[in-house]
Amino acid sequence: MTTKFPRNQAAIAGIGATEFSKDSGVSVFSLAARAVKAAVADAGLEPKDIDGLATFGPNDSVAPNLLAPALGIKSLSWYVDQFLGGSVSMSILGQAALAVSAGVAECVVCYRALNGRSGARMNGSGAFVQRPPWDMQFKASTGYIVPAQEIAMAARAHMLRYGTTSEDLGRLAILCRNNAIDNERAMMRKPLTMEDYLDSRWIVEPFRLFDCCLETDGAVAVAVVSADRAKDLPHRPVMVRGAAWGGGVNLINNGHTDLADSPATLIADRLYGAAGVGPSDIDFAELYDCFTYTLLSQIEGYSLCDAGEVPARLVEGSFSRDGGSLPINTAGGLLSEGYLHGMNHVFEAVEQIRGSAGPRQIDRHDTALVTGQLGYVSGYSSALILEGAR
Amino acid sequence: MAPVLPIPDRDSEPYWAALAAGRLELQKCLDCGHWTWPPRPICSFCQSDHLSWREVAGTGEVHSWVTTHNVYSAAFAQLVPYVTLLVRLDEQADILIPGQFRSVVEPYQGLKVRARTEPLTDQIGELSWEVDG
């Protein structure tokens, strides 16, 4: 499949992050400002150089029209303020790459800031604004309210088709935890055993506590400029080689009949077509792990191994940071580093590609798959292929 | 604690009203015969505008299920742990409708279930599922 994506024409030149915590003690606005300033400084630029801003969130981030004046941006050339959560997280990067390669904007900062634990929580408490009623009307009234339930429903279907077990999901939780232990940004750095995992309380069967990611306060920002401009900036440019978003369905219908099928298959061919690479070209992957099962489903759906084979490959250590053929979630992911709605996966991918991941650095680190949440909840999926400039 | 009422829209009002009257009704396309759920203004298969609300048998098979232990809404605090089914409707394979499971048996994939309705208001009914037969 060929896709007319402006391959390698835009690059991530800077990254910034705040501390990840359970209570930031500051406003979401403040978190966003800190991360954006850090990202442009990392790129060797200044806030006044920003002419595009992109963010996403279910009414819990800070809009570009609030942030731009605070950053001293005289006239914003371009913006995206995308409603919804992790499913659209990589789409704002893809859109920034389109804008920069088209020349509509010269320096776009993509950011996500949230007080996800101390403020607006995903369970609907705090100041969280309810999602629009269109699909929620068919779910919330029956007590089917949150993504944990919807993804657990898919996990169950996978267990029934392939014999996937709790221990298989536990191995994914442990893998992420192991990768967080030496990550100073990570919120969960204590080793996790299979016994700890199996003893943890049920949240939504078949999910236990450690199948679920962390509610987090924090912000991450990344600065996107043209590939030409990135060459003159301090760090190794991280090219947006390809991106794809869309694809999913919410509430299973329109010919989709089985939750065990990964919704990633709906965008995977387009993603690889956009990038002009295949799954075997991927050195490492940062996969959206709001729950353990979404990791498994994406490994299958992005064709990193055959459907049903993830458990055996986990036992073999294929996805381990230490010697695995395809390391995943090298900083601990949303499960153990923090829930920055996928943007921390971009941050880590850039660190790895630059070779600046410190104790976490992997050997083969040129080409990364970075993904957002799968469809079936919001109806969208999104993913990027990032590549270090040669 | 009062039940959580769905917020109907102009496309879904007849669906909720039918449930209030004790019937599970879906939109059937008068041109191609395709069933559409959730309620939409046009046929998802042929995009025709000619949809008609028709009662379905109300039977289906369990595709998947979850047991919720965590309290996500005060309205469901007394109910945990509760089982939510995703039911594949007998009329059409790609229609999978969630709802609480009212029978006290362990669900399994393929378990035959039947829709139960309960009025919440004059215009809004609740859909749940129980073992068929």
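About the criteria used
- Residues numbered from 1 in each chain as written.
- Chains lettered and ligands numbered in written order.
- Predicted model: local features only at pLDDT ≥ 70, side-chain atom pairs only at ≥ 80, totals over all residues.
- Heavy atoms only, no water.
- Phe/Tyr/Trp six-rings, centres within 6.5 Å; stacked < 30°, edge-to-face > 60°.
- Buried < 20%, exposed > 50% of the residue type's maximum accessible area, 1.4 Å probe, protein only.
- Helix = DSSP H or I, 4+ residues; strand = E, 2+ residues; numbered from the N terminus.
- Contact = heavy atoms within 4.5 Å.
- Pairing = 2+ DSSP bridges.
- Disulfide = S-S within 2.5 Å.
- Buried area = accessible area lost by both parts, 1.4 Å probe.
- Salt bridge = Lys/Arg side-chain N within 4 Å of Asp/Glu carboxyl O.
- Polar contact = N/O pair within 3.5 Å; in protein donor to acceptor, adjacent residues only side chain to side chain.
- Axes fitted to C-alpha atoms, helices over the stretch in contact; angles between N-to-C directions.
- Parallel < 35°, antiparallel > 145°, perpendicular 65-115°, else oblique.
- Left-handed = near helix turned anticlockwise from the far one by under 90°.

Focus on the packing of aromatic side chains
Step number 1: Scanning the model with the defined rule gives seven aromatic pairs over all chains in all.
Step number 2: Taken together, a centroid distance of 5.7 Å and an interplanar angle of 35° make the contact between Phe 76 of chain B and Tyr 82 of chain B tilted. Summarising the burial analysis for this pair, Phe 76 of chain B and Tyr 82 of chain B share the class buried.
Step number 3: Every member of this aromatic cluster is reached through a ring pair, and the members are Phe 138 of chain A together with Tyr 15, Trp 16 and Trp 37 of chain B.

Overview of the environment of Arg 313 of chain A
All names here are of chain A.
Step number 1: Topologically, Arg 313 is positioned in helix α11 (residues 310–316).
Step number 2: Each C-alpha atom of the pair Arg 313 and Gly 324 lies 9.6 Å from the other, and the pair is eleven residues apart in sequence.
Step number 3: Discounting chain neighbours no more than four positions away, the residues touching Arg 313 are Leu 304, Cys 305, Ser 318, Phe 319 and Ser 325.

Some words on the pairing of strand β1 (residues 10–17) of chain A
Residues and elements named next belong to chain A.
Step number 1: For β1, the tally of buried residues reaches seven of eight residues, placing the bulk of the element in the interior.
Step number 2: Note that β1 and strand β7 (residues 217–226) share seven bridges and pair antiparallel. Bridging across to β7, Gly 14 finds its partner in Ala 223.
Step number 3: By the bridge criterion, two bridges tie β1 to strand β8 (residues 238–246) in an arrangement that is antiparallel. Bridge pairing links Ile 12 to Val 238 in β8.

Side note on the sheet that holds strand β3 (residues 51–55) of chain B
Residue and element names in this part refer to chain B.
Step number 1: Reading across from one edge, β2-β1-β3 is the order of the three strands in this open sheet, with antiparallel pairing throughout. The open sheet is flanked by β2 (35–36) and β3, the only strands paired with a single partner.
Step number 2: Both strand β1 (residues 25–29) and β3 contribute to a ladder of five bridges, which runs antiparallel. Looking at the pairing, Lys 28 lines up with Ser 52 of β3.

A look at the state of the cysteines
Step number 1: Summed over the entire model, instances satisfying the criterion amount to zero disulfides over all chains.
Step number 2: Between Cys 176 of chain A, a free cysteine, and Cys 213 of chain A, which holds the nearest cysteine sulfur, the sulfur-to-sulfur gap is 11 Å.
Step number 3: Since its relative accessible area comes to 0%, Cys 176 of chain A is described here as buried.
Step number 4: Unpaired in this structure, Cys 32 of chain B has its nearest cysteine sulfur neighbour in Cys 29 of chain B, at a distance of 3.7 Å.
Step number 5: A relative accessible area of 34% means that Cys 32 of chain B is categorised as partly exposed.

Some details on the interface of chain B and chain A
Step number 1: On the chain A side, the residues contacting the 40 residues of chain B number 34 residues.
Step number 2: Between chain B and chain A, the buried area comes to about 3,200 Å², and carbon and sulfur atoms account for 58% of it.
Step number 3: Broken down residue by residue, the surface that chain B buries against chain A is led by Val 66, Tyr 72 and Asp 94 of chain B, which jointly contribute 20%.
Step number 4: Our enumeration of links across chain B and chain A arrives at zero salt bridges.
Step number 5: On inspection of chain B and its partner chain A, the count reaches 22 residue pairs in polar contact (both at pLDDT 80 or more).
Step number 6: At the level of secondary structure, the elements contributing two or more residues to the side of chain B that touches chain A comprise α1 (13–20), β4 (59–68), β5 (82–89), β6 (96–101) and β8 (125–131) of chain B.
Step number 7: Ranked by residue count, the leading element in the side of chain B that touches chain A is β4 of chain B, at six residues.
Step number 8: In the sheet, strand β5 (residues 202–205) of chain A pairs with β4 of chain B via two bridges, with the strands oriented antiparallel. Its bridge partner lying in β4 of chain B, Glu 205 of chain A is registered against Thr 67 of chain B.

A short note on unusual backbone geometry
Step number 1: In this chain, Trp 37 of chain B is followed by Pro 38 of chain B through a cis amide linkage whose omega measures 0°.
Step number 2: Here Pro 38 of chain B lies in the loop between β2 and β3.
Step number 3: Looking along the chain, the bond that leaves Val 80 of chain B and enters Pro 81 of chain B is cis, with omega of -10°.
Step number 4: Within the secondary structure, Pro 81 of chain B sits in the loop between β4 and β5.
Step number 5: Of note in the backbone geometry, Asn 59 of chain A takes a positive phi value of approximately 65° without being a glycine.

With respect to the packing of helix α5 (residues 147–162) of chain A against helix α10 (residues 292–301) of chain A
Residue and element names in this part refer to chain A.
Step number 1: Look at α5 against α10: their axes get within 10 Å of each other, and the N-to-C directions meet at 60°. It follows from the interaxial angle that α5 and α10 lie oblique. Judged by the sense of rotation from one axis to the other, the crossing of α5 with α10 is left-handed. Contacts from Ile 151, Ala 154, Ala 155 and His 158 of α5 reach α10 at Tyr 293, Thr 294, Leu 296 and Glu 300.

Remarks on the pairing of strand β4 (residues 107–115) of chain A
Residue and element names in this part refer to chain A.
Step number 1: Counting buried positions along β4 gives nine out of nine residues, so the element sits mostly inside the fold.
Step number 2: Residue alternation in β4 divides its side chains into two sets, Cys 107, Val 109, Tyr 111, Ala 113 and Asn 115 and Val 108, Cys 110, Arg 112 and Leu 114, and both sets are buried.
Step number 3: For strand β2 (residues 52–57) and β4, the ladder comprises four bridges, and the chain directions are parallel. Opposite Ala 54, over in β4, you have Cys 110 as the bridge partner.
Step number 4: Here nine bridges tie β4 to β7, and the two strands are oriented antiparallel to one another. Along β7, the bridge assignment pairs Val 109 with Ala 223.

Some points on the sheet that holds β1 of chain A
Residues and elements named next belong to chain A.
Step number 1: Across the sheet, which stays open at both edges, the nine strands sit in the order β3-β2-β4-β7-β1-β8-β11-β10-β9 with mixed pairing between neighbours. Looking at the sheet topology across the chains shown, the edges are occupied by β3 (78–83) and β9 (284–286). Recorded for the sheet is a direction-independent mean angle of 25° between the axes of neighbouring strands.

Here's the deal with the side chain of Asn 115 of chain A
Residue and element names in this part refer to chain A.
Step number 1: Counting through the fold element by element, Asn 115 comes out in strand β4.
Step number 2: On the basis of relative accessibility, which here comes to 10%, the residue Asn 115 falls in the buried class.
Step number 3: A polar contact is formed between the side chain of Asn 115 and the side chain of Ser 24, at a distance of 2.7 Å.
Step number 4: With near-sequence residues (within four places) excluded, Asn 115 lies in contact with Ser 24, Val 26, Ser 27, Val 28, Leu 31, Ala 120, Thr 216 and Asp 217.

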